[in-house]
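Each chain is listed here by its residues.
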Amino acid sequence: MSDKLFLFTPGPVMTSDKVKQSMAHSDIPHRRKTFENYLERNRANLLRLYNANDEYTAIMVTGSGTASNETALSSIIKETDEVLLIKNGVFGDRLDDILSCYNYTIHRLEFTWGEAPDVDAIDKALAENENIQWVCMVYQETSTGMRNPVGEIGAVVKKNGRKYFVDCVSAIGGEDVNVVRDHIDVASGSANKAVSGPTGISFVCAKRSSVPSMDDVPRRNIYLNLQNHIKWAEERSQTPNTPAVTNFIGLDAALTELHEEGIENRIARYQSCRTIIRDGLQKLGLKLLLSEETSSNTVTSVFLPEGVDVVGFIDDMEERGYVLYPGKGPFHERNMFQVANMGWLPEEECHKLLAVIGEVISK
Ligand SMILES: Cc1ncc(COP(=O)(O)O)c(C=O)c1O
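Residues numbered from 1 in each chain as written. Predicted model: local features only at pLDDT ≥ 70, side-chain atom pairs only at ≥ 80, totals over all residues. Heavy atoms only, no water.

Caption draft 1: Structural detail: the domain arrangement of the chain. Under the domain assignment, the chain is made up of domain 1 (6-12 + 263-362) and domain 2 (17-260). When each unit is reduced to the centre of its C-alpha atoms, the spacing between domain 1 and domain 2 is 27 Å. Each partner contributes to the interface: domain 1 provides 27 residues, whereas domain 2 provides 25 residues. When domain 1 packs against domain 2, close to 2,100 Å² is buried across both sides, 57% of that on carbon and sulfur atoms. Of all residues in domain 1, the largest losses of buried area upon contact with domain 2 belong to Ile263, Arg266 and Lys328, amounting jointly to 25% of the total for that side. (Domains from an automatic or database assignment. Contact = heavy atoms within 4.5 Å. Buried area = accessible area lost by both parts, 1.4 Å probe.)

So this is what it looks like as structure tokens:
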């Protein structure tokens, strides 16, 4: 077994030495200025990352990506609002789980995994039902690696005068997320994916005017209440409860690093790793799930040749130091696996990975 693992996974991801070192800090309390400075810097850096303007606010939640989705979805939908959920993979189903748990009226538009949602069908669904006030969708459907047409759907949502929630957990830091241009009212995100930060911290970027006041929605939970997080952040530069202080500091290092690199450069770096991986896999004779146009910058889904067992393949790869994930749902039976190139992974390591994949499948 190799000592060092290279995580070609869509989270957790590799972090830089700077991020790791930042988290070996001296102990600090959260109810003092030093922590408040971290919190404010993170909020400002997140707003830049989402390309938000001053109509938006950003808050952090201690918890993984699901915590940010649940914080938003448990708090933004009024009792009278109905929801249009667009799904084409596992993470659309996870949004469904959250929305169902809070007993909302949900209208589902389900599309084949690996196929783009039909924008006209969304337009029609909105035109036919005025009670639908929120449209919910995943930006990058991580289970296939598909980049959903967020901008096109955003234009339709705006035209119909509705609101738009987008799960940006695996997209933020790796895709050109722009909440203003794409008419996104509320977006979630997580540190330990394309942002290349620590696990256990996630965030929400929200247009203030799209978040109903505490008087307009019943309080549905305690810890994950978006309005309460916004109130504490905006009024006191604080979190309502004791946060994972170390993760806030790790996120600060990761966001600082990301903005120093420049978001365009980060995306270009991910795109060039993705090209190396896609080309290399095809040279090995493997078939990719998605076309270049619909594939995200950071996740490639690929089928193993018949006769090569995906579970054994993943184990063999890990023995050699490379961690990959098997396909989910119907793709698992079809011998699919995923190569993610999020996080701190140099191009050179992508080339090495391909050589090892070649070695393992020929074995
Ligand atoms: C698009 C998307 N949404 C939500 C999640 C859930 O995030 P977590 O497992 O960090 O709670 C993931 C995880 O991979 C994801 O890719």
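Caption draft 2: How the structure looks around the pairing of strand β12 (residues 299-303). Taking burial as the measure, the five residues of β12 include five buried ones, the bulk of the element. In the sheet, strand β11 (residues 287-288) pairs with β12 via two bridges, with the strands oriented antiparallel. Looking at β12, one finds that lysine 287 is bridged to phenylalanine 303. The pairing of β12 with strand β15 (residues 336-340) spans five bridges and is antiparallel. For phenylalanine 303, the partnering residue across the bridge sits in β15 and is methionine 336. (Buried < 20%, exposed > 50% of the residue type's maximum accessible area, 1.4 Å probe, protein only. Helix = DSSP H or I, 4+ residues; strand = E, 2+ residues; numbered from the N terminus. Pairing = 2+ DSSP bridges.)

Caption draft 3: Molecular detail of the sheet that holds strand β8 (residues 163-167). On the basis of which strands lie adjacent, the open sheet formed by seven strands has the order β2-β10-β9-β8-β5-β3-β4 and mixed pairing. Taken across any chain shown, the strands that pair with only one partner, and hence form the sheet edges, are β2 (56-62) and β4 (105-110). Within the sheet, the average angular offset between the axes of one strand and its neighbour, ignoring direction, is 20°. Note that β8 and strand β9 (residues 186-190) share two bridges and pair parallel. (Axes fitted to C-alpha atoms, helices over the stretch in contact; angles between N-to-C directions.)

Caption draft 4: Layout of the site of the ligand. With respect to spatial proximity, the complete set of residues near the ligand consists of Ser64, Gly65, Thr66, Asn69, Phe91, Val138, Gln140, Thr142, Asp167, Val169, Ser170 and Lys193. Contacts to the ligand include threonine 66, whose side-chain N or O atom sits 2.5 Å from an oxygen atom. Here an oxygen atom of the ligand sits 2.5 Å away from a polar atom, N or O, in the side chain of threonine 142. Burial of the ligand by the surrounding chains reaches 84%, relative to a free accessible area of 390 Å². Broken down by element, the shell around the ligand gets its largest block of residues, three residues, from helix α3 (residues 65-73). When grouped by side-chain class, the residues that make up the shell around the ligand number three nonpolar, seven polar and two charged. (Near = heavy atom within 4 Å. Polar contact = N/O pair within 3.5 Å; in protein donor to acceptor, adjacent residues only side chain to side chain. Areas by Shrake-Rupley, 256 points an atom, 1.4 Å probe, with all protein chains shown as cover. Nonpolar A, V, L, I, M, F, W, Y, C, P; charged D, E, K, R; others polar.)

Caption draft 5: Quick peek at the nonpolar core. Grouped together as the largest cluster of nonpolar side chains are 50 residues, with contacts concentrated most on Tyr50, Tyr164, Cys168, Val195 and Phe203. Setting aside its immediate chain neighbours within four residues, cysteine 168 contacts Tyr50, Tyr139, Val177, Ala187, Ser188 and Gly189. (Core = buried A, V, L, I, M, F, W, Y, C linked by side-chain atoms within 4.5 Å.)

Caption draft 6: Seen up close, the layout of surface pockets. By volume, the largest pocket is sized at about 450 Å³. When contributions to the lining of the largest pocket are tallied by element, the ones reaching two or more residues are α3 and α4 (90-101). In terms of residues, the lining of the largest pocket owes the most to one element, α4, which gives four residues. By residue class, the composition of the lining of the largest pocket is eight nonpolar, 14 polar and four charged. Formed jointly, the lining of the largest pocket draws a minimum of three residues from each of two domains, domain 1 (6-12 + 263-362) and domain 2 (17-260). Put simply, the second largest pocket is a space of about 180 Å³. Forming the boundary of the second largest pocket are 14 residues, of which Lys158, His183, Ile184, Asp185 and Lys207 lie nearest the centre. Tallied by class, the residues present in the lining of the second largest pocket amount to five nonpolar, three polar and six charged. (1 Å grid on protein atoms, 1.4 Å probe; cavity = no way out; pocket = protein on both sides within 12 Å on 5 of 7 lines; lining within 4 Å. Points joined across faces, edges and corners; volume = space filled by probe spheres on them.)

Caption draft 7: A look at empty space enclosed by the protein. Within this structure, the stated rule accounts for two cavities of 30 Å³ or more. Taken as a whole, the largest cavity spans an internal volume of roughly 60 Å³. Met60, Val61, Thr62, Tyr223, His229, Thr239, Pro240, Asn241, Thr242, Pro243 and Phe248 together form the lining of the largest cavity. With three residues, the single largest contributor to the lining of the largest cavity is β2. In terms of residue class, the lining of the largest cavity is built from six nonpolar, five polar and no charged. A volume near 40 Å³ is recorded for the second largest cavity. Around the second largest cavity, the lining residues are Leu39, Arg43, Ile59, Met60, His229, Ala233, Gln238, Thr239 and Pro240. A per-class count over the lining of the second largest cavity returns five nonpolar, three polar and one charged.

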